There are 2 protein chains.
Amino acid sequence: MSNPPQTPVVGMAGGGQLARMTQQAAIALGVPLRVLAGAPGESAAKVVADVRVGDDRALDDLMAFAKGCDVVTFDHEHVPGPHIREVEASGVPCRPGSAALAHAQDKLVMRDRLTAFGAPCPAYAPLPSADPMPALEAFGREHGWPVVLKATRGGYDGKGVWVADNLGVETVELVGRLIAEGVDLMVEQHVPFRRELAALVARSPYGQGAAYPIVETVQKDGICVEVISPAPGLSGELAAEAQSLALRIADELGVTGLLAVELFETEPPRTGRQGSGRGLLVNELAMRPHNSGHWTIEGARTSQFEQHLRAVLDLPLGSTEPTARYTVMANVLGGDDPDVYSRYFHVMAHDPGVKVHMYGKESRPGRKIGHVTVLGDDLADLRERARHAADYLRWGKAMGEHA
Amino acid sequence: MSNPPQTPVVGMAGGGQLARMTQQAAIALGVPLRVLAGAPGESAAKVVADVRVGDDRALDDLMAFAKGCDVVTFDHEHVPGPHIREVEASGVPCRPGSAALAHAQDKLVMRDRLTAFGAPCPAYAPLPSADPMPALEAFGREHGWPVVLKATRGGYDGKGVWVADNLGVETVELVGRLIAEGVDLMVEQHVPFRRELAALVARSPYGQGAAYPIVETVQKDGICVEVISPAPGLSGELAAEAQSLALRIADELGVTGLLAVELFETEPPRTGRQGSGRGLLVNELAMRPHNSGHWTIEGARTSQFEQHLRAVLDLPLGSTEPTARYTVMANVLGGDDPDVYSRYFHVMAHDPGVKVHMYGKESRPGRKIGHVTVLGDDLADLRERARHAADYLRWGKAMGEHA
């Protein structure tokens, strides 16, 4: 009511840290952000004036939330596609739309679509729930063991992914248990990759695209712990190929908003029947601000959160130019002592240049509760600084072995 | 309740754009910000979850607001000193404290204190309300005409400041009218300055200080329209002198939080009895985030808003290192057409690197409703880009004559 005329209201379903950091960008743009959170204490609900509390997987709550929004977007992939289609049918645009988002919600849908237009993917196959073992055996025979079992839907941070070494009793029991629980499974080639990369792009409804520098992501126990921008030692050719691939996927899938493409940089010579043989395979897709893009808050002229808002509002996209030679981001995970605030004193006194981002979440061991970012010219020094700050915020001391 | 343990609640009295932008920094630090706003539609009230609506000049509202805050700070200088002392007496620290803040609330108190410890100020004198004209005549005779008349309290953006050319009938009527309205007046030397500078520093209760690069501020009709960091062509010696002066003032006055010192860079040879003769005179003080520091959001490693929070929380201060060779900020003023949002499209398409900050305020002609920032190496280009964006957001076209 008291907003300036014509300023659209952006609704974001989900009250996590991505919505929280989107609020920082919405404040700058003067765009009202409305958040659908599961509880008033969620990360984003603590920092947004216009919070609606509800279940973003429940149709009624979603529809009530969307009413009065000019556009709806998402903090995560877990809003059911049919519900998003109902919102779209009510006249409120969703960005990304349900058709595009399906490819970030179902790994089998994604693999089928990507391989159909020639995007390089690991070999994969569905495992029919009625009779999975013959398909699994055939896949292992063709592509070799180990293989990767994946739940087609609902996984994140390493959850929903299992490595199977052979067709022994453990694998048989695992597959049987998962199918009994109603999990739809697929199998993928276990790719011997050199490292993991991520390509972050934005695409607007108008069709404008923008690509960020390609980053290296470092995982530990399936959780991203560190992101380095740009990926050190990546050839200009492979970086351009990764950017082009991500822009092409965004275009082919009709993504509106951000698209993060998690990639394997493979060891040459690479085996497997798909892919161009030039060293990149698509691992996963996400259509929202992504952990691999948190470095952009300080490290790029336009943060991924602002870029996502610009894209979903169909505003012209912002510059993705880096603001420093290197930017290193390290995730802060919860440790044993939940009093993280008291540990700010050491971290800030030790390194006045480290940027601390905490998500207002209660600390639990291993939970992502924040991240730190450092920028500069000396990559080894930056990585050490980021590790020190992240370790200290977690443990209250520097833990080289946790880095 | 659901905040992580030990995390302090910062209360900010005032719901303007300074509190709004402080919220962006509070989000990153994971620190809950509580705002006392005059109405739910105020700039900061639109973007903060914990808003209390009340009159920050009314003691009861202020006391109710402060209860449960771990520290209280201010978006402006208009909270009465006696009320702040009541909050302090209740056990809630105020930063800045009432004793320090008095120097930003009363220009005569400030001048007396600064000259007492040798900070360079223009010549000045109080004008006794009972019989002002003899004192004014004596001041004009000693320091020459014109002189500057100032309301000792309550002015901002050129309000509360008048230039008097002589002791003629206009001046006599003006002084008579102001005194009849209950305005306390002082007179200052009209300083022939070369340009205006600003020194921004932070000081924590622990006593740590940090100084930002000295900026040039460009005013039009008493309103700051442009800030250039660092001030072009300023000698290293004078820049260091300005930083030292601001740090010394912060220390002498016991400021906690930010201190902005507005300075005149005078033409040599400078006349006037005070000052070191080296070209700087203190114009005004502010003890809060300041318009002259908005450039730090992107242009310094630590934004002034984060720095203010760190200082009032007695956390170690952040690096003030610039992130680019030059940063230029231009204020966006309201124009005739309040539909500012529609003008984003041109501005963002024209210049993907311009950073737009809008305050969620209804546009009224001449009102500060936002600012834009650009960063880079070519100062002339940056000033042109900032002017273009600010003019276009105001007028819907580039207006060279308004630059």
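Note that the structure is a prediction, hence the values are computed from the model and not measured.

Regarding the packing of aromatic side chains
Between two aromatic rings, the relevant description is the distance of the centres plus the angle of the planes.
Then comes step 1: All chains considered together, the criterion is met by eight aromatic pairs over all chains.
Then comes step 2: Note on A:Tyr212 and A:Trp295: the rings are 6.3 Å apart at their centroids and 85 degrees apart in plane angle, and the pair reads as edge-to-face. Taken as a pair, A:Tyr212 in the loop between strand 10 (209-211) and strand 11 (215-220) and A:Trp295 in the loop between strand 14 (280-286) and helix 9 (296-299) lie far apart in primary sequence, 83 residues in all.
Then comes step 3: On the numbers, 4.8 Å between centres and 50 degrees between planes, the contact of B:Tyr341 with B:Tyr344 is tilted. Just as B:Tyr341 is buried, B:Tyr344 falls in that class too.

What about the relation of the copies chain A and chain B?
Then comes step 1: In screw terms, the move from chain A to chain B is a rotation of 180 degrees and a rise of 0.0 Å along the axis, fitting with an RMSD of 0.1 Å. The transformation just described matches what one would write down for a two-fold rotation axis. Relative to the rotation axis, the closest C-alpha in chain A is found at A:Ala49, a distance of 2.2 Å.
Then comes step 2: Take the interface residues of chain A: 100% of them recur as interface residues in chain B, which is what a same-surface contact looks like.

Overview of the nonpolar core
Then comes step 1: The biggest cluster of nonpolar side chains holds 94 residues, and the ones touching the most others in it are A:Val372, A:Leu393 and B:Val372.
Then comes step 2: Apart from the residues within four sequence positions on either side, A:Leu393 is in contact with A:Val332, A:Val340, A:Arg343, A:Tyr344, A:Val347, A:Val356, A:Met358 and A:Val372.

A word on the interface of chain A and chain B
Then comes step 1: Opposite the 53 residues of chain A that make contact, chain B presents 53 residues.
Then comes step 2: Taking both sides of the interface into account, the surface hidden between chain A and chain B amounts to around 4,300 Å²; carbon and sulfur atoms contribute 58%.
Then comes step 3: Put simply, chain A and chain B have two salt bridges between them.
Then comes step 4: Note that B:Lys355 and A:Glu306 form a salt bridge whose closest N and O atoms lie 2.8 Å from each other.
Then comes step 5: Counting across the interface, chain A meets chain B through 15 residue pairs in polar contact (both at pLDDT 80 or more).
Then comes step 6: Elements represented by at least two residues in the side of chain A that touches chain B include exactly helix 1 (17-29), helix 10 (304-312), helix 11 (344-350) and strand 16 (355-358) of chain A.
Then comes step 7: The biggest single contributor to the side of chain A that touches chain B is helix 1 of chain A, with seven residues.

So, the sheet that holds strand 2 (residues 33-37) of chain A
Residues and elements named next belong to chain A.
Then comes step 1: Spatially, the four strands line up as an open sheet ordered 3-2-1-4, and their pairing is parallel. One side of each edge strand has no neighbouring strand; the edge strands of this open sheet are strand 3 (50-53) and strand 4 (71-74). This sheet shows a mean twist of 25 degrees between the axes of neighbouring strands, independent of strand direction.
Then comes step 2: The pairing of strand 1 (residues 10-13) with strand 2 spans four bridges and is classified as parallel.

Some words on the packing of helix 1 (residues 17-29) of chain B against helix 10 (residues 304-312) of chain B
How two helices sit against one another is set out by the angle between their axes and by the gap between those axes.
Residues and elements named next belong to chain B.
Then comes step 1: Where helix 1 meets helix 10, the closest approach of the two axes is 8 Å, and the angle between their N-to-C directions is 70 degrees. Considering the angle they form, helix 1 stands roughly perpendicular to helix 10. For the pair helix 1 and helix 10, contact is made by Leu-18, Met-21, Thr-22, Ala-25, Ala-26 and Leu-29 and by Phe-305, Glu-306, Leu-309 and Arg-310, respectively.
Then comes step 2: Looking at side-chain class alone, the contact of helix 1 with helix 10 contains seven nonpolar, one polar and two charged residues.

Description of the UniProt feature "binding site: ATP" (unreviewed entry) in chain A
All names here are of chain A.
Then comes step 1: Under the UniProt annotation, the feature "binding site: ATP" (unreviewed entry) is placed at Lys-107, Lys-150, Glu-188, Gln-189, His-190, Val-191, Glu-196, Asn-283 and Glu-284.
Then comes step 2: Tracing the backbone through its elements, the reader meets Lys-150 in strand 6 (residues 147-151).
Then comes step 3: The residues contacting Lys-150, other than those within four sequence positions of it, are Lys-107, Arg-111, Gly-160, Val-161, Trp-162, Asp-184, Leu-185, Met-186, Glu-188, Asn-283 and Glu-284.
Then comes step 4: A polar atom in the side chain of Lys-150 sits 3.0 Å from the side chain of Glu-188.
Then comes step 5: Turning to its location among the elements, Glu-284 is positioned in strand 14.
Then comes step 6: The class of Glu-284 is buried, set by a relative accessible area of 14%.
Then comes step 7: Here Glu-284 is in contact with Lys-107, Met-110, Lys-150, Ala-260, Val-261 and Glu-262, once residues within four sequence places are set aside.
Then comes step 8: There is a polar contact of 3.1 Å between the side chain of Glu-284 and the side chain of Lys-150.

Examining the sheet that holds strand 5 (residues 124-127) of chain B
Residues and elements named next belong to chain B.
Then comes step 1: The four strands lie next to each other as 5-8-6-7, forming an open sheet whose pairing is antiparallel. Edge strands, defined here as strands with exactly one partner in the open sheet, are strand 5 and strand 7 (161-164). Across the sheet, the mean angle from the axis of one strand to that of its neighbour is 25 degrees, orientation sign disregarded.
Then comes step 2: Two elements, strand 6 (residues 147-151) and strand 8 (residues 185-189), share five bridges in a ladder whose sense is antiparallel. Residue pairing for strand 8: Val-147 is matched across the bridge by Gln-189.
Then comes step 3: Seen against the sheet, helix 6 (residues 132-143) touches strand 5, strand 6 and strand 8 and runs at an angle of roughly 165 degrees to strand 5.

Rules and cut-offs
Per-chain numbering applies: the sequence of each chain, read as written, is numbered from 1 onward. Chain letters start at A and ligand numbers start at 1, both assigned in the order the entries are written. Given that this is a predicted model, residues contribute local features only at a pLDDT of at least 70 and side-chain atom pairs are listed and counted only at 80 or more, while totals for whole chains, interfaces and linings are drawn from all residues. Only heavy atoms go into the side-chain values, all of them from the structure, while hydrogens and water stay out. In this analysis, rings of Phe, Tyr and Trp, with Trp reduced to its six-membered ring, are considered paired at centre separations within 6.5 Å, and the interplanar angle assigns stacked below 30 degrees, edge-to-face beyond 60, and tilted for intermediate values. Helix numbers and strand numbers start at the N terminus; a helix is a DSSP run of H or I with at least 4 residues, a strand a run of E with at least 2. In this scheme, a residue with accessible area under 20% of its type's maximum is buried, one over 50% is exposed, and one in between is partly exposed, where area comes from a 1.4 Å probe on protein chains only. Copy-to-copy alignment: least squares on C-alpha atoms, limited to residues at pLDDT 70 or above in both. Residue contacts are defined here by distance: any two heavy atoms, one from each residue, within 4.5 Å place the two residues in contact. Joining through side-chain atoms within 4.5 Å is the link that ties buried Ala, Val, Leu, Ile, Met, Phe, Trp, Tyr and Cys residues into a set, and such a set is a nonpolar core. Throughout, the accessible surface (probe 1.4 Å) given up by two parts as they are put together, summed over both, is called the buried area. Within this document, salt bridges are pairs made up of a side-chain nitrogen of Lys or Arg and a carboxyl oxygen of Asp or Glu, the two lying within 4 Å of each other. We define a polar contact as two N or O atoms separated by no more than 3.5 Å, with the added condition that, inside protein, one atom must be a possible hydrogen donor and the other a possible acceptor, whereas residues neighbouring each other in sequence contribute only through side-chain atom pairs. We treat two strands as partners when DSSP finds at least two bridges between them. To obtain each axis, a line is fitted to C-alpha atoms, and for helices this fit is confined to the stretch in contact; angles are then taken between N-to-C directions over 0 to 180 degrees. Between 65 and 115 degrees an angle is taken as roughly perpendicular, under 35 as roughly parallel, over 145 as roughly antiparallel, and anywhere else as oblique. Each residue is assigned to one class: nonpolar for Ala, Val, Leu, Ile, Met, Phe, Trp, Tyr, Cys and Pro, charged for Asp, Glu, Lys and Arg, and polar for all the others, Gly among them. UniProt positions are given in the numbering used here, feature names are shortened, and annotations may be inferred rather than shown by experiment.

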